[in-house]
Amino acid sequence: MTEKILTARFEKPDSYRLSSYVEDGGYEALKKALSKTPDEIIDIVKAAGLRGRGGAGFPAGVKWSFVPKESEKPKYLCVNGDEGEPGTFKDRYIMELDPHAIIEGAAIASYAFGAHVAYIYIRGEFKLPIERVENALAEARQAGFLGANILDSGYDLDIWVHPGAGAYVCGEETALIESNEGHRGMPRIKPPFPAIVGLFGGPTVVNNIETLSYVPHIINKGPEWFAAMGPEKNGGTKLFGVSGHVKRPGLYELRMGTPLRKIIYEVCGGMRGDKELKAVIPGGSSTPILTPGEIDVNMDYDSLAKIGTMFGSGAIIVIEEGTCIPRLAARLAKFYAHESCGQCTPCREGVPWIAKILDRVENGMGLPGDLDQVLKICDNIQGKTICPLGDACAMPIRAMIVKFRAEFERHVEEGGCPFGPTPTPWDSES
Amino acid sequence: MSNPASRENGVDGPITINGETVRAIDEIVKRYPVAEAALLPVLHKVQDQLGWLPVSALDWVAKRLGLPKTRVYGVTSFYTMFKRQKPGKHRIEICTNISCSLLGAEHLRDHIAKKLNIKPGETTEDGRITFDEVECLGSCGTAPVMLVDDKFYEKLTPEKVDDVLDKLNKDDLEAGGND
Ligand SMILES: Cc1cc2nc3c(=O)[nH]c(=O)nc-3n(C[C@H](O)[C@H](O)[C@H](O)COP(=O)(O)O)c2cc1C
Ligand code: SF4
Ligand code: FES
């Protein structure tokens, strides 16, 4: 069940250095890739069924194939290391512990669709990851894995780090492109899609850090090996970040399709203090919440979509009995209100209203009709905005209200929160 | 005094950008087809040196990159990491987003606020510590977490927080002694 591909090198001393990476066969995949044609690479990645690990799950090979072969403007790869979705803490580990895997994957991807410059956009708070990736880039450049005429192939590529500066919306691909151009991170209207008009007006692919890190392994071991590791169309492993009320929270690399129940009760050792499970957010804060009756689901894109939620970034947040769901909803809405870029009215106005109303519900000043009001605002946001940030607030909030409605209503009826302050680990353990 | 940027910021004055920062900036600009694209990394470099971004620093950046000042002000104000107020000597930022709050981050926030006798977003009267409440720091598996002067402190408890606060005090004393 645990399968170490991306995490295999994490525990080695100096895993982030070039010498260690090369000792373990690093950059062999790049060599191999440069001896094939770009189209062959795209076909391999398509056959592997590698889907984007940033949230949307779009097949990487297919995305690369959308980039026009001939282009007057230069093509670019943007590597998404913004990692801002609450609950998500995976890309950070790859950047810190195996940055050369990202660089090798990015180089193979760039070669496949014809980019000669790539930027790795890393959230600004991540000082150590930025330092590790920058050092790794310098090492790779010096060793001739980047720069002009890489490994005598005639192919040139350079890769640079572009630091973010604290804006969740910049994780959205077109906002990331704007931010990479030195602008405010305002998402663009699509179409045109980045594959046609992206960074500096050129065809651009945006891929997540984790997505690209699988690419060298797929080149080395073949697409069949990768595809066989998960359910159909959901190949490979996934870095699952589990947080919240489990005994052993943390980062786990597991096969796609691993049952959620197994992750909670076996991989993570079950619930803290053996309490009852109350709810699970399966894929990061933007994904609709699940009740205990819904956890017999396999963790892959299609199985989660079937039960009305999303795989997202694979960030599993586990919630124990006694937790106040309206309080979580209010906190989440506050987050999205803070992060709205303000471009579209439904999101700019609607999300802060959701936050205000939920805050008053939690604090005992909710009015009859407040919950329906919030659901109505959700309706007015979903599908009516430039980027999916509005939906990313509306969808999980709606699910919380629909699935835990009685709890919200109790807050309104009783004029306060029946749960009391959030219990703390230090009080309950001592 | 009609400049909105200076009204927001209050304190301002002449600045000197040192040679090391200038050299780093010149290197960064080469990585992009247009100078404007270097704005975020350049603002970071200037802020790393000065600790914050007074209007005079923004004007300096605008001139260096050949951009209208308004463009630089507008971009700076979009991003929370760019500090338009002079922060305290040390910065404590505690995450209270969902995974952290499930494990008691709000208690820790209130604990720190009480100890420092300030509210999140404020700086202690002696200008020593700026304290703030922030969104998910991408470290939820080791929640609750906080950033202190860009360093992560994880799996926090009130004892650990007290320890860090004490250390900050001592570091200051030592630095003071060496000055
Ligand atoms: C509001 C918002 C925030 C996002 N944040 C991130 C992020 O931090 N990291 C990421 O890789 N993708 C993020 N995404 C998804 C990206 O838009 C994009 O789908 C992804 O980077 C594509 O890479 P992939 O196909 O390899 O997954 C975000 C999307 C939205 C709407
Ligand atoms: S949905 Fe929100 S974040 Fe996205 S473009 Fe519109 S206002 Fe900005
Ligand atoms: S929720 Fe606090 S670090 Fe992610």
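Residues numbered from 1 in each chain as written. Chains lettered and ligands numbered in written order. Predicted model: local features only at pLDDT ≥ 70, side-chain atom pairs only at ≥ 80, totals over all residues. Heavy atoms only, no water.

### Looking at helix H9 (residues 209–221) of chain A
Residue and element names in this part refer to chain A.
No. 1: For H9, a buried count of 10 out of 13 residues is recorded, marking the element as mostly surrounded by other parts of the structure.
No. 2: Among all positions in H9, only Ile209, Glu210, Thr211, Leu212, Ser213, Tyr214, Val215, Pro216, Ile218 and Ile219 are buried.
No. 3: Regarding H9, its N-cap is Asn208, as a side-chain oxygen of that residue lies 2.8 Å from the backbone nitrogen of Glu210 further along.
No. 4: Residue Gly222 follows H9 closely and has a positive phi angle near 95 degrees. (Buried < 20%, exposed > 50% of the residue type's maximum accessible area, 1.4 Å probe, protein only. Helix = DSSP H or I, 4+ residues; strand = E, 2+ residues; numbered from the N terminus. Polar contact = N/O pair within 3.5 Å; in protein donor to acceptor, adjacent residues only side chain to side chain.)

### Looking at the site of ligand 2
All names here are of chain A.
No. 1: Near ligand 2 lie 13 residues; those nearest to it are Cys341, Gln343, Cys344, Cys347 and Cys387.
No. 2: Its atoms largely coinciding with the cavity grid, ligand 2 occupies the second largest cavity.
No. 3: Here the residues of the shell around ligand 2 sort into eight nonpolar, five polar and no charged. (Near = heavy atom within 4 Å. 1 Å grid on protein atoms, 1.4 Å probe; cavity = no way out; pocket = protein on both sides within 12 Å on 5 of 7 lines; lining within 4 Å. Sits in = over half its atoms within 2 Å of the grid points. Nonpolar A, V, L, I, M, F, W, Y, C, P; charged D, E, K, R; others polar.)

### Section: the domain arrangement of chain A
All names here are of chain A.
No. 1: You can read the domains of chain A as domain 1 (18–227), domain 2 (237–320) and domain 3 (325–414).
No. 2: Centre-to-centre, using C-alpha coordinates, domain 1 lies 27 Å away from domain 2.
No. 3: With 18 residues of domain 1 in contact, the opposing surface of domain 2 contributes 20 residues.
No. 4: Summing the contributions of domain 1 and of domain 2, the shared interface buries around 1,400 Å²; its carbon and sulfur component is 54%.
No. 5: Broken down residue by residue, the surface that domain 1 buries against domain 2 is led by Arg51, Arg53 and Phe89, which jointly contribute 33%.
No. 6: Summed over the shared surface of domain 1 and domain 2, the number is two salt bridges.
No. 7: Of the charged contacts in the structure, one is a salt bridge between Asp302 and Arg51, with a shortest N-O distance of 3.4 Å.
No. 8: Across the contact surface, domain 1 and domain 2 share 11 residue pairs in polar contact (both at pLDDT 80 or more). (Domains from an automatic or database assignment. Contact = heavy atoms within 4.5 Å. Buried area = accessible area lost by both parts, 1.4 Å probe. Salt bridge = Lys/Arg side-chain N within 4 Å of Asp/Glu carboxyl O.)

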